[in-house]
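Working through the structure, step by step
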Amino acid sequence: MDFAGFGTTTAAGVNVLAKYGTLVQVGMGRSEAPLNTYQLINKQLTIKGSSSGTREDLAALLELMRSGKLHPPINRITQAQIPEAIDKLREGGNVGRFIAIYD
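The paragraphs below set out a description of the structure included in this document. Counting restarts for each chain, with residues numbered from 1 along the sequence as it is written. Reporting in this predicted model follows two pLDDT cut-offs: at least 70 for local features of residues, and 80 or more for side-chain atom pairs to be given and counted; totals over whole chains, interfaces and linings ignore these cut-offs and use all residues. Each side-chain value is derived from all of the structure's non-hydrogen atoms; neither hydrogens nor water enter the calculation.

1. Observations regarding the layout of surface pockets
Both cavities and pockets are sets of points on a 1 Å grid over the protein atoms alone; in a cavity a 1.4 Å probe fits but cannot get out, in a pocket the set is open with protein on both sides within 12 Å along at least five of seven lines, and lining residues sit with an atom within 4 Å of a point. Grid points are joined across faces, edges and corners, and a volume is the space filled by probe spheres set on the points. Within this model, the largest pocket holds a volume of roughly 1400 Å³. Forming the boundary of the largest pocket are 39 residues, of which M1, D2, F3, P72 and R97 lie nearest the centre. Elements with a contribution of two residues or more to the lining of the largest pocket: α1 (8–16), β1 (22–25), α3 (55–67), α4 (82–91) and β4 (97–101). Helix and strand assignments come from DSSP, with helices taken as H or I runs of at least 4 residues and strands as E runs of at least 2, each series counted from the N terminus. Here the lining of the largest pocket gets five residues from one element, more than from any other, and that element is α3. Of the residues that constitute the lining of the largest pocket, the class distribution is 23 nonpolar, twelve polar and four charged. Three classes are used, and their members are as follows: Ala, Val, Leu, Ile, Met, Phe, Trp, Tyr, Cys and Pro are nonpolar, Asp, Glu, Lys and Arg are charged, and the others, Gly among them, are polar.

Below is the structure:
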């Protein structure tokens with residue numbers, strides 16, 4: 001699932017999917033995204049758009065997260081690294097979420 005939709009995040013999502021994987025595009029930070037069509041065709045991927053979801057969808061997603069089968073990329077940072085992380089988010093080159101760990 002790409003909740004950001006900044007083009008680079010969509011492209012990265014396509015690149016990391018396994019064969020027969022599905023990318024669900026939710027966010028629309030940009031109206032266009034460059035896609036690696038080799039990956040799309042070779043891995044026989046599916047891309048779906050979604051403007052919202054139901055409570056049941058959210059419950060299923062939370063259950064998937066609880067099961068341990070979902071491994072989103074997480075970047076743990078210190079409080080001092082927050083400004084640098086914000087810069088990376090502005091540039092659109094980050095994959096995953098930043099999580100600030102405080103002492």
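More follows now that the structure is in view.
2. Re the pairing of β1
To sort residues, take the accessible area from a 1.4 Å probe on protein chains only and compare it with the maximum for the residue type: under 20% means buried, over 50% means exposed, and anything in between is partly exposed. By the alternation rule, side chains of β1 split into L23 and Q25, which are all buried, and T22 and V24, of which none is buried. At least two bridges found by DSSP between two strands are what make those strands a pair. Here β1 pairs with strand β2 (residues 46–49) via four bridges, running parallel. Paired with L23 across the bridge in β2 is I47. Traced from β1 through helix α2 (residues 37–42) to β2, the parallel crossover comes out right-handed. If you view a crossover with the strands going away from you and the path from the first strand over the helix to the second runs clockwise, you call it right-handed.

3. What to know about the environment of L45
Residue position: L45 is located in the loop between α2 and β2. Among the residues examined, L45 registers a relative accessible area of 11% and is labelled buried. Once the C-alpha coordinates of L45 and V14 are considered, the two residues, 31 residues apart in sequence, prove to be 7.9 Å apart. Contact criterion: two residues are considered in contact whenever any of their non-hydrogen atoms come within 4.5 Å of each other. With residues near it in sequence (within four places) discarded, L45 still touches V14, L17, A18, Y20, G21, Q39 and L40.

4. Looking at unusual backbone geometry
Although it is not a glycine, Y20 sits at a positive phi angle of roughly 70°. Within the secondary structure, Y20 sits in the loop between α1 and β1. The class for Y20 is exposed, based on a relative accessible area of 54%. The phi torsion at Q44 lies on the positive side, around 50°, for a residue other than glycine. Positionally, Q44 belongs in the loop between α2 and β2.

5. Description of α3
Here the expected length of a helix is defined as 1.5 Å per residue gap, with one fewer gap than residues. Taking 1.5 Å per residue, 13 residues should reach 18 Å; α3 reaches 18 Å between its end C-alpha atoms and fits that length. Directly after α3, the chain includes G68, whose backbone phi takes a positive value near 85°.

6. Focus on the pattern of salt bridges
Opposite charge on two side chains permits pairing when their charged atoms draw close. We count a salt bridge whenever a side-chain nitrogen from Lys or Arg sits within 4 Å of a carboxyl oxygen from Asp or Glu. Enumeration according to the criterion identifies three salt bridges in this entry. Its salt-bridge partner being R66, residue E63 comes within 3.2 Å of it at the nearest N-O pair. Remark: R66 and E63 occur in helix α3; sequence separation between them is three residues, near one turn of the helix. Among the residues examined, E63 registers a relative accessible area of 44% and is labelled partly exposed. What makes R66 exposed here is its relative accessible area of 61%. Note that K88 and E84 form a salt bridge whose closest N and O atoms lie 3.7 Å from each other. Linking K88 with E84, this pair stays in helix α4, spanning four residues, or about one helical turn. Note on K88: relative accessible area 36%, which makes it partly exposed.

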